[in-house]
Structure formats: structure tokens, C-alpha cells
Amino acid sequence: MRSMSKPVKAEIVFFILVNLMLIHQPISWIFTSSEDWGRQIATFVQGLFVECGVVYAATALVYKCRSKWVKGLMYFFFWFLMVATIFLEFNFNQNISQQPLTILAETNPKESNEFIHTYMLNADSLWGYAIDLAVAAVIVLAEWKRKAIARALARVPGAGVRDAVVGSIATVAVLWALGSYVFLFSCSNSEELYKWRRYFPHNAMDPLTQTMHSLNSLRDSANDIDYAIKATRDVYNTEATVTENDSLTVIYVLGESYNKHHASIYGYELPTTPAMEHEVESGNLYVFNDAVTYENYTSVMEKNVFSLNSIGAGERWFDFPSFVTVFKRSGYDVWMWDMQREFMTKRLYTITVNAYLYNKDMMQLSYTACNKKRYGYDGGLVDNFLKEKTPAKHNLVVLHFMGQHIAYDQRYPKDCGVFTEADIKRTEKYLDKSKKKVIAQYDNATHYNDAVMKELFDHYRNKNAVMVYMSDHGEEIYDYRDYRGRLVSRTPKPQQLRYQNESPFVVWCSDAYKQSHPEIVERIKASLDRPFMTDIVGHLLLTLGQVKSPYYNPEHDIISPNYKPTKRKVYGRAYYDEIMATEKK
């Protein structure tokens, strides 16, 4: 213990100051909102131990080298990490992560110049610079008085006990940090890195550990894409055929942030889905009642939804090809019209998804054509596709909507708003007029979503066509507490999963499709109450499109007689059905 404490005793000023420069992130973590304070505090302590281990290693290096240049470089390194952390916190309310590093790598000189003019000299940044300079002055002053500080500390009684305590803490901290870093650098893909974050939450770690995590994330994300593109190429080493002789169009619509409990087809009190209800009454629309999404995060869900893997079966998305590639291999024309391709292109969820879906190899092997621009509303996207494209004999049409994403009042034209806060009759005390207005805006976005779907129904009504609509995840809209958005605690509660993870899922069949595929329609009707996770939708689409491929697995096809439901694990750590059963008890 005495030996372990020597570097700290000899370089006590360095040890204390570097710890203070890095402690901002663990402290920020403890002040974030949480419903599990025990877990929050435990993670905070863990973050402190990892930080202490990192700083001890740097202190030992300075002690061993006994060089002013080494110490100066180490000071500058950790001071620069602090500067970056404060800049990101003050300007963007975020920490060092994969997102800013990715943006930095992709930024051209023109964008860099715009960035400097926008952020580098604004008021928030200037306050940050003042803190940075103050810390630098403290470092210079403390090092100037280093010997005096060391002598003062040496006069404190209880040296033996102090050595034992410092040595013990240093030993545990070094081992803890070493375990964290070995685990981190052993991760070779995003699934493994996801597990690391479960044990070492990124936001609770010190800036150096966050930087190492971010660099490793870049590497692992690149590995994911490499694996996924290899799986895509492998599709062309297999056979895929279409058994449908007539012309056929399969439409897959992926919605966004759709809370099914705000849809009148699922019992909501306001008539938010009149078009879908009409199609149900006409016998063309079939509503599935027990669909659950794995995550409440778009990029995670989108990659798993397009891949032919099954999360419930423990399969990783990048080990399997996208169902669109299999359709293309079978002879289908594949039309990919995506509202979110150009949406917030500097956000990590857009970057990571686009790196996969719009990889040049993926586009060449999987799509006939993609939309060239983004439209103001989802209706514009649909209008553009229906007016400009001349479909072939067999077509897969993929439409990715903005749906009810974040700014609900911007998701529908103003003249399409039918509900106001006066229509929200709920009486909870936390619901004031402004919050009722937000709920009404969300319901208007849902109503507009239904109107866009009606346009699709009407266009394909007299054709041999089948359509699947689902959402990537749900969203809370003040449904049972004073909160809107997506945030799930470490141990998800039933109400959280109900509104954030239960997904609308419907299948629409034209009359021509019903007449030519009565067996499939009967299988759809028999499957409406089956429990499933939405990531396996690709296998259903292959059946609806009459595509035969070795990638098709009937155990993952929700309308197959051979379908086998798996335990519905969400967020990689909790089981949906077990959690919901506790509410019934």
C-alpha cells in the first residue's frame, strides 16, 4: 500500500487537479433525472473509481518519468479534454461521444468555417473559455507552490493510515479502470459495445473514458457496416424467386414515434384514424394487437427492422441481409422513398442508419431508385412517388415517414388540424392548457398520418397489392405522468413499455390480393392476437410478396403455421411480458 501511494504523495498537486478537471461528467450524471436512485448512485461511484484509476495511471507516469515536459504534456492533455467537455456541454448539452467525433471527421472546410462563426465566439463559448483560463491559472499557481503544498500535507498526522487508505483506493481504482478498458477494447461490434454501456454507462464516465468509448464506437460501427454489406453481397450467391405470376405490389410503410394508444383503431376516444377504421369495416385492413418494439430509438430499430434477423432468437442485425436485398434478388423492383434520409444529417441516429441503408454497395444491390430530396410533409413524399414512378410487374415500395416525430405541430399542414386542446377532456392535475394543446397536436399528426395512408389505400385499391404499416417505436404524450418523449428507466415500468414500446401494426389487402391469396388472408386473420416483436417483419413481407429464399424462416413469420414466439426482450435487459404481468398482479 505504501508503494502504491508513492506516486500520489510525490505528485499530489497533479493528482488532485487532474481529478478535478475530469470529475465534471460523473457529477453531471448524478444530477440527471432518474427513477432508480440506487442504480444512479452506484454508477456514479463506479465512474469515480474508473476516473481515479485513469488519473492514478497518469500520475504514476509523471512520477516515473520525473520530467517537466511529460508533466506539462499530461496537464495539457487533460485540460484539453476538460475544454472540449465544457464546450459541448455549454453549446449542445452533450458530452464527448461518437456523434461529435463523426461530425468532425465528416466536416469539410466550408462547414468548419461556418461552425467557428456560429459557435466558437458566442456567449456560451466565451463563458466556457473563462472557466478554461481560470483552471489553467490555478494549475500554474498550484505547480508554482507545489513544494509548499506538499510540505503542508506532509505535516498532517496519520501518515501510515493515509498511505493505507490512498494505496487501497488506488489499487481498487486501477483494477476497476483496467477491467473497464479491457472490456471496452475487446468489443468489436456495436452489440458488444451496447453490453459495455450497460455495465459502464457512457454518460457517467470521465472525459478520457468517454473519448476512448467514442473512438471504439467509430471502429465498431464501421465493423457493423462491413459485416452487413458482406451479408448483402452474399444474397447474390443464393437463389430467390417470385412465385406470383400476376403483377404484384408490396408496400411497406415505416412510421415514426406512433403511440398506438392515440389511435382510434386501438380504442382511443378521439377519431384519429377514420380511414383505417373504414378499411377495417370494409374487410381490407387487419389490425394486429400485440406487437412490441425492441427499443425506443430509431437507429437501433431501423437497422433491425430492415435486417432479416430476430432479436428474440439472439441474432445480430449485421449478420443478416436486408429483406429489400432479397426482394431485389428475386426480380422485384425496389423503390426506397425515405423522409428521414435528409433529416438532421448531423445527428448520430441519421449518420449511423444512412451509413448502412445508403452505403453505395447497399444501394447498388438493393434498390431500383431512391428519392432525391425531402418533402415538407409525408403526403409530399407519397405524392412524389405515386406521380413520378412507373412500377414494374413486381414492386416493393418502402416508405419511411416522419410520422409524429418530436415537433408534432410540424408534422401536418396547418389546414389539416382537426383537434384543439378543448377536445382533450382529461382531468389530471398536471395537464394544463399548454400540455393539452401538445396532446391535440400529436393527435392531429396521427390524424394526418391516417389521411396519408388513405391516399395509399385509394391508389392501390384496384391493383393486386398488399401493405404493411408499423412504427419504429411509440412515444409518451402525457399519458399517465407529466412527461412526453422517450425515456426508459434501468428497470422499465409497465406504463413506460405500454406507451413507448407497443407498436401499431396493420396489414392492408386490396380486393384483388384477397381474391388471389385467400389462404394468406385467412392466416393473417388467425394471427391478429399473436405476440411478436416488430423486428421480424421482413419474414412476413417475404410471404406476402410470394418470395422464396433460403433467408426466409417460417419460425419468424407471424402468419406462418410454424411461427414460434420468442421471449420478448427489450433494451437488451428486460422481458416485456414479465414486466406487464406484474401490473396485472
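Keep in mind that what you see is a predicted model, and the values were worked out from it rather than measured.

**Q** Before we go on, may I ask you to explain the overall build of the chain in this structure?
**A** Looking only at helices and strands, the chain has 24 helices and 15 strands in total. Considered along the principal axes of its C-alpha atoms, the chain spans approximately 90 × 60 × 55 Å. Taking all 585 residues of the chain together, 54% fall into the buried category. Taking as baseline every contact in the chain between residues at least 6 positions apart, the subset at least 24 positions apart corresponds to 79%. Within the structure as shown, the chain displays about 26,200 Å² of accessible surface, and the carbon and sulfur contribution to it stands at 59%. Charge centroids of the chain, computed over 66 positive and 65 negative side chains, lie 9 Å from each other.

**Q** Would you take a moment to explain the sheet that holds strand β8 (residues 465-471) for this structure?
**A** Strand pairing within a sheet occurs via backbone hydrogen bonds; the two strands may be parallel or antiparallel. The strand order across the open sheet built from seven strands is β3-β11-β8-β2-β7-β5-β6, with neighbouring strands paired in mixed fashion. Where the open sheet ends on each side, the last strands, each with one partner, are β3 (285-288) and β6 (369-370). Note: strand β2 (residues 248-255) against β8, seven bridges, orientation parallel. Across the sheet, the residue bridging to V253 is Y469, located in β8. The strands touched by helix α13 (residues 274-281) within the sheet are β3, β8 and β11 (505-509), with β3 carrying the most contacts at an inclination of about 110 degrees.

**Q** How should the pairing of β8 be read in this particular structure?
**A** On a regular strand, one side chain projects to one face of the sheet and the next to the other, so that they alternate. A large share of β8 lies buried, amounting to seven of its seven residues. Pairing of β8 with β11 involves five bridges; the strand directions are antiparallel. Within the sheet, the bridge partner assigned to M470 lies in β11 and is F505.

**Q** It is not clear to me how empty space enclosed by the protein should be interpreted in this structure. Could you clarify?
**A** In this approach a probe as big as a water molecule rolls over the atoms, and the regions it shows empty are the leftover space. With the rule as written, the count across this model stands at three cavities of 30 Å³ or more. Taken as a whole, the largest cavity holds about 80 Å³ of empty space. When its residues are assigned to classes, the lining of the largest cavity shows seven nonpolar, four polar and four charged.

**Q** It is not clear to me how α13 should be interpreted in this structure. Could you clarify?
**A** Inspection of α13 places A275, M276 and E279 among the buried residues, and these make up the whole buried set. Buried residues of α13, viewed axially, fall in a sector of 100 degrees; they line one side. Against the buried residues of α13 lie β3, α19 (433-460), β8 and β11. Phi turns positive, to about 85 degrees, at G283, one or two residues after α13.

**Q** Hey, could you run me through the environment of D234 in this one?
**A** Take D234: it is sitting in helix α12 (residues 207-234). The class of D234 is partly exposed, set by a relative accessible area of 27%. Separated by 87 residues in the primary sequence, D234 and P321 place their C-alpha atoms 8.1 Å from one another.

**Q** Just checking my understanding: could you explain a nonpolar patch on the surface for this structure?
**A** On the surface, W37, I41 and V45 cluster together into a nonpolar patch covering about 280 Å² of accessible area. Here W37 lies in helix α4 (residues 37-65).

**Q** Where do I start with the pairing of β3 in this structure?
**A** Burial along β3 is two-sided: L285 and V287 facing one way and Y286 and F288 facing the other are all buried. Bridging between β3 and β11 involves four bridges; their strand directions are antiparallel. Considered in β11, the bridge of V287 is made with V506.

**Q** Would you mind showing me how to read the pattern of salt bridges here?
**A** Where charged atoms of side chains with opposite charge meet at close range, the side chains can pair. Enumeration according to the criterion identifies 20 salt bridges in this entry. Between R461 and E279 there is a salt bridge whose closest N-O contact spans 2.8 Å. Here E279 lies in helix α13 and R461 lies in the loop between α19 and β8, a separation of 182 residues in the sequence. For R461, a relative accessible area of 26% translates into the label partly exposed. For E279, a relative accessible area of 2% gives the class buried. For R461, the salt bridge identified is with D458, shortest N-O distance 2.7 Å. The network of salt bridges with common partners includes E11, K71, E143 and R146.

Rules used throughout
- Numbering of residues begins from 1 in every chain and follows the order in which that chain's sequence is written.
- Only residues with pLDDT of at least 70 get local features here, since the model is predicted, and only at 80 or more are side-chain atom pairs given and counted; chain-wide, interface and lining totals rely on the full set of residues.
- Water and hydrogen atoms were dropped before computing side-chain values, which therefore reflect all heavy atoms in the structure.
- Secondary structure is summarised from DSSP: a helix means a run of H or I of at least four residues, a strand means a run of E of at least two, and numbering begins at the N terminus for each.
- Each residue's exposure class comes from its accessible area (1.4 Å probe, protein chains only) as a fraction of the maximum for that residue type: buried when under 20%, exposed when over 50%, partly exposed otherwise.
- By the convention used here, residues are in contact when the closest approach between their heavy atoms is within 4.5 Å.
- Using the Shrake-Rupley algorithm and a 1.4 Å probe, accessible areas are obtained, with residue cover drawn only from the displayed protein chains.
- Under this rule, positive means Lys or Arg and negative means Asp or Glu; His and the chain ends count for nothing.
- All charge positions are set by atom: Lys at NZ, Arg at CZ, Asp at CG, Glu at CD.
- When DSSP finds at least two bridges between two strands, those strands are taken to pair.
- For helices, the fitted axis covers only the stretch in contact; all axes are lines through C-alpha atoms, and the angles between them, taken along N-to-C directions, range from 0 to 180 degrees.
- Only protein atoms enter the 1 Å grid, on which a cavity is a set of points fitting a 1.4 Å probe that cannot get out and a pocket is an open set with protein on both sides within 12 Å along at least 5 of 7 lines, lining residues being those with an atom within 4 Å of a point.
- Grid points are joined across faces, edges and corners, and a volume is the space filled by probe spheres set on the points.
- Residue classes follow a fixed rule: Ala, Val, Leu, Ile, Met, Phe, Trp, Tyr, Cys and Pro count as nonpolar, while Asp, Glu, Lys and Arg count as charged, and any other residue, Gly among them, counts as polar.
- Along the arc lie the directions from the helix axis toward the C-beta atoms.
- Nonpolar side chains (Val, Leu, Ile, Met, Phe, Trp, Tyr) within 5 Å and like charges within 9 Å form the patches, drawn only from residues with over 30% relative accessible area and no salt bridge.
- The term salt bridge refers to a pairing of a side-chain nitrogen on Lys or Arg with a carboxyl oxygen on Asp or Glu at a separation within 4 Å.

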